[in-house]
Amino acid sequence: MREKSSATVATAVTAHRAIGLTLGALGVLAFSMSLPATRVAVQQLDPWFVAFGRAVGAALLACAYLRFTGAPRPTRDQWRRLPIVALGVVVGFPLFTSLALTTQTSAHGAVVITVLPAMTAVFAVLRAGERPPLLFWVASVGGLVAVLAFLITSAAVRGALSASDLFLLAAVVLCGLGYAEGGALARELGGARTICWALLLSVPVTLPITLVAASAHPPRPDAAAWSAFGYLTAISMFLGFFAWYAGLARGGIAQVGQIQLAQPVLTLLWSALLLGETVTPASIGAALVVLACVVLIQRTRGSATAQGATAHALHRTLPPRMQGSAPGTRHPRDQPTTPINP
């Protein structure tokens, strides 16, 4: 009976991860157009209005969703963790990318964002309490150095980091933190409720700043800028996280995080197709170097630990008669410990 139970758990683990990867891919596809859309919006809208106004609009959608689904309120512990999610993905990333893209191209930003998978993996490791090998940290530093070298040597920077580059780096750090914490919290709340409660928690900050920005610089953009702002509100700030956080919760933060490898490439493609921006060989080369570092990071994390944790988590959700010995139960927090809702 034990062998059959273990086989059942292994099958469930595989199916769970496949769903997580699919949802994660949808999230990455949604996020890949965020930088080009932000670039379009901030050309005619105040960057503070773009950053916080989209969060206010998404919060209205979140309120409607929570009321329609009758979602229960988070627990006290979950409320303590939600501000970390809000800081990273509701406030930090939108604000710093909006400020950066007022003077920088989205193609340039895509190269810096290439570090995001590594940053997400670093926060996932720190949060899970794992002890990765030295090569993990060497690859992480290597990716960061590659991006810094690109920024310093590129013609746009002229030998020194500009304010826009520092904004982009800050956006990456905060977003990696928000992704990792949100993915972990989504194991308990579900992907949709995690981003919805984070958006509502942020309203006391996002709403006043939006009103001040709108008063100081009344928005009068054309249809293209409003369309870009609408995309950022409904997709980048809302629906995209439904799939992304659910994917991280189901497939594992570091495992699904690998899908982010495609995001900079897609962003460069959108920048060239939609905005006519020039993608230089230096940009492509820097992106490839960082991607190689990120792949190395993912390969050094130790897949056995993650797989064992997934098996342990799903084993706990099976009926008692189907439970057997599930291998690898050292780090149960690395994967869901309860059935996950979308």
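As the structure is a prediction and not an experimental result, all values here were calculated from the model. (Residues numbered from 1 in each chain as written. Predicted model: local features only at pLDDT ≥ 70, side-chain atom pairs only at ≥ 80, totals over all residues. Heavy atoms only, no water.)

Peer 1: Account for the confidence of the model for the protein, with residues named and values stated.
Peer 2: Detail in the predicted coordinates should be disregarded across regions flagged by low pLDDT. With 74% of its residues at a pLDDT of 70 or more, the protein shows a mean pLDDT of 79. Contacts for the low-pLDDT stretch residues 155–159, under 50 throughout, to residues beyond four places or in other chains number eight contacts. Scored below 50 in pLDDT, residues 302–340 shows 82 contacts in the model against residues more than four places distant or in partner chains. (pLDDT = per-residue confidence, 0-100. Contact = heavy atoms within 4.5 Å.)

Peer 1: An account of the state of the cysteines is needed here, citing residue identities and associated values.
Peer 2: One way to say it: the disulfide is the covalent bond shared by the sulfur atoms of two cysteines. Tallied over the entire structure, the rule returns zero disulfides. No disulfide involves cysteine 196; its sulfur sits 9.4 Å from the nearest other cysteine sulfur, which is in cysteine 63. (Disulfide = S-S within 2.5 Å.)

Peer 1: Tell me what's going on with the packing of aromatic side chains, and back it up with residues and numbers.
Peer 2: For the coordinates displayed, the defined rule picks out 13 aromatic pairs. Between phenylalanine 49 and phenylalanine 229, the aromatic rings sit 5.3 Å apart at their centres with planes inclined by 20°, giving stacked as the arrangement. Of this pair, phenylalanine 49 sits in helix 3 (residues 47–69) while phenylalanine 229 sits in helix 10 (residues 223–251), placing them 180 residues apart in sequence. With respect to class, phenylalanine 49 is no different from phenylalanine 229; both count as buried. (Phe/Tyr/Trp six-rings, centres within 6.5 Å; stacked < 30°, edge-to-face > 60°. Helix = DSSP H or I, 4+ residues; strand = E, 2+ residues; numbered from the N terminus. Buried < 20%, exposed > 50% of the residue type's maximum accessible area, 1.4 Å probe, protein only.)

Peer 1: So, empty space enclosed by the protein: which residues are in play, and what are the values?
Peer 2: Taken as a whole and judged by the stated rule, the model has three cavities of 30 Å³ or more. A volume near 90 Å³ is recorded for the largest cavity. Taken together, Phe31, Ser34, Arg54, Val89, Phe93, Pro94, Cys175, Tyr179, Ser236, Met237, Phe241 and Gln263 make up the full set of residues lining the largest cavity. Broken down by secondary-structure element, the contributors of at least two residues to the lining of the largest cavity are helix 4 (76–100), helix 8 (163–189) and helix 10. A breakdown of the residues in the lining of the largest cavity according to their chemical character gives eight nonpolar, three polar and one charged. (1 Å grid on protein atoms, 1.4 Å probe; cavity = no way out; pocket = protein on both sides within 12 Å on 5 of 7 lines; lining within 4 Å. Points joined across faces, edges and corners; volume = space filled by probe spheres on them. Nonpolar A, V, L, I, M, F, W, Y, C, P; charged D, E, K, R; others polar.)

Peer 1: Kindly report on the packing of helix 3 against helix 10, identifying the contributing residues and their values.
Peer 2: Between helix 3 and helix 10, whose axes approach to 9 Å, the crossing angle comes to 50°. Between helix 3 and helix 10, the crossing angle belongs to the class labelled oblique. Helix-helix and strand crossings are classified by hand; for helix 3 and helix 10 the assignment is right-handed. Facing Phe49, Val50, Gly53, Arg54, Ala55, Gly57, Ala58, Leu61, Ala62 and Tyr65 of helix 3, the residues of helix 10 in contact are Trp226, Phe229, Leu232, Thr233, Ala234, Met237, Phe238 and Phe242. Here the residues of the contact of helix 3 with helix 10 are counted per class, giving 14 nonpolar, three polar and one charged. (Axes fitted to C-alpha atoms, helices over the stretch in contact; angles between N-to-C directions. Parallel < 35°, antiparallel > 145°, perpendicular 65-115°, else oblique. Left-handed = near helix turned anticlockwise from the far one by under 90°.)

Peer 1: Go over the pattern of salt bridges with me, naming the residues and quoting the values.
Peer 2: All chains considered together, the criterion is met by four salt bridges. With its nearest N and O atoms 3.5 Å apart, the salt bridge here joins aspartate 77 to arginine 80. Separated by three residues within a single helix, aspartate 77 and arginine 80 lie in helix 4, roughly one turn from each other. For the salt bridge of arginine 81 with glutamate 188, the shortest nitrogen-to-oxygen distance reads 3.0 Å. Placement of arginine 81 in helix 4 and of glutamate 188 in helix 8 is noted, with a sequence separation of 107 residues between them. One salt-bridge network, in which partners are shared between bridges, spans Asp77, Arg80, Arg81, Glu181 and Glu188. (Salt bridge = Lys/Arg side-chain N within 4 Å of Asp/Glu carboxyl O.)

Peer 1: How would you summarise helix 10 if you had to cite specific residues and measurements?
Peer 2: Within helix 10, the axis deviates most sharply at phenylalanine 241, by approximately 50°. At the N-terminal end of helix 10, a side-chain oxygen is found 3.2 Å from the backbone nitrogen of alanine 224, two or three residues along, and the residue is aspartate 222. Note on helix 10: the residue one or two positions beyond its end, glycine 252, has a positive phi of about 100°. (Bend = angle between axes of the 7 residues up to and from the residue. Polar contact = N/O pair within 3.5 Å; in protein donor to acceptor, adjacent residues only side chain to side chain.)

Peer 1: Tell me about the environment of arginine 187, and please be specific about residues and values.
Peer 2: Here arginine 187 is to be found in helix 8. Between the C-alpha atoms of arginine 187 and tyrosine 245, which are 58 residues apart in sequence, the distance is 8.7 Å.

Peer 1: Summarise the packing of helix 4 against helix 10; cite the residues concerned and give the values.
Peer 2: Each pair of packed helices gets described by two things: the angle between the helix axes and the distance between those axes. Here helix 4 crosses helix 10 at 135°, and the two axes come no closer than 13 Å. By the criterion of interaxial angle, the relationship of helix 4 to helix 10 is oblique. At the point where helix 4 passes helix 10, the crossing takes the right-handed sense. Residues Val85, Val89, Val90 and Pro94 of helix 4 form the contact with helix 10, whose own contacting residues are Met237, Phe241 and Tyr245.

Peer 1: Can you break down the environment of leucine 248 residue by residue, with the values?
Peer 2: Within the secondary structure, leucine 248 is located in helix 10. Taking the relative accessible area as the measure of exposure, leucine 248 reaches 0% and is therefore buried. Distance in space between the C-alpha atoms of leucine 248 and leucine 23 is 8.3 Å, their sequence separation being 225 residues. Contact partners of leucine 248, with chain neighbours within four places excluded, come to Tyr179, Gly183, Ile253, Val256 and Gly257.

Peer 1: Can you tell me about the nonpolar core, naming the residues and giving the values?
Peer 2: Nonpolar side chains tend toward joint burial in soluble globular proteins. One finds Val90, Tyr179, Leu199, Phe241, Trp244 and Tyr245 to be the most contacted residues of the largest nonpolar core, which totals 63 residues. If sequence neighbours within four positions are ignored, tyrosine 245 has contacts with Val85, Val89, Gly178, Tyr179, Gly182, Gly183, Ala186, Gly191, Thr194 and Ile195. (Core = buried A, V, L, I, M, F, W, Y, C linked by side-chain atoms within 4.5 Å.)

Peer 1: Explain helix 5 (residues 106–113) to me, using residue names and the numbers behind them.
Peer 2: Counting buried positions along helix 5 yields eight of eight residues, so the element is predominantly enclosed. Buried residues of helix 5: Ser106, Ala107, His108, Gly109, Ala110, Val111, Val112 and Ile113, and no others.

Peer 1: Before we move on, could you go through the environment of alanine 225 and cite the residues and values that matter?
Peer 2: Position of alanine 225 among the secondary structure elements: in helix 10. Sequence separation between alanine 225 and valine 42 is 183 residues, and the spatial gap between their C-alpha atoms is 7.9 Å. The contact partners of alanine 225, leaving out residues within four places of it in the chain, are Val40, Ala41, Gln44 and Leu45.

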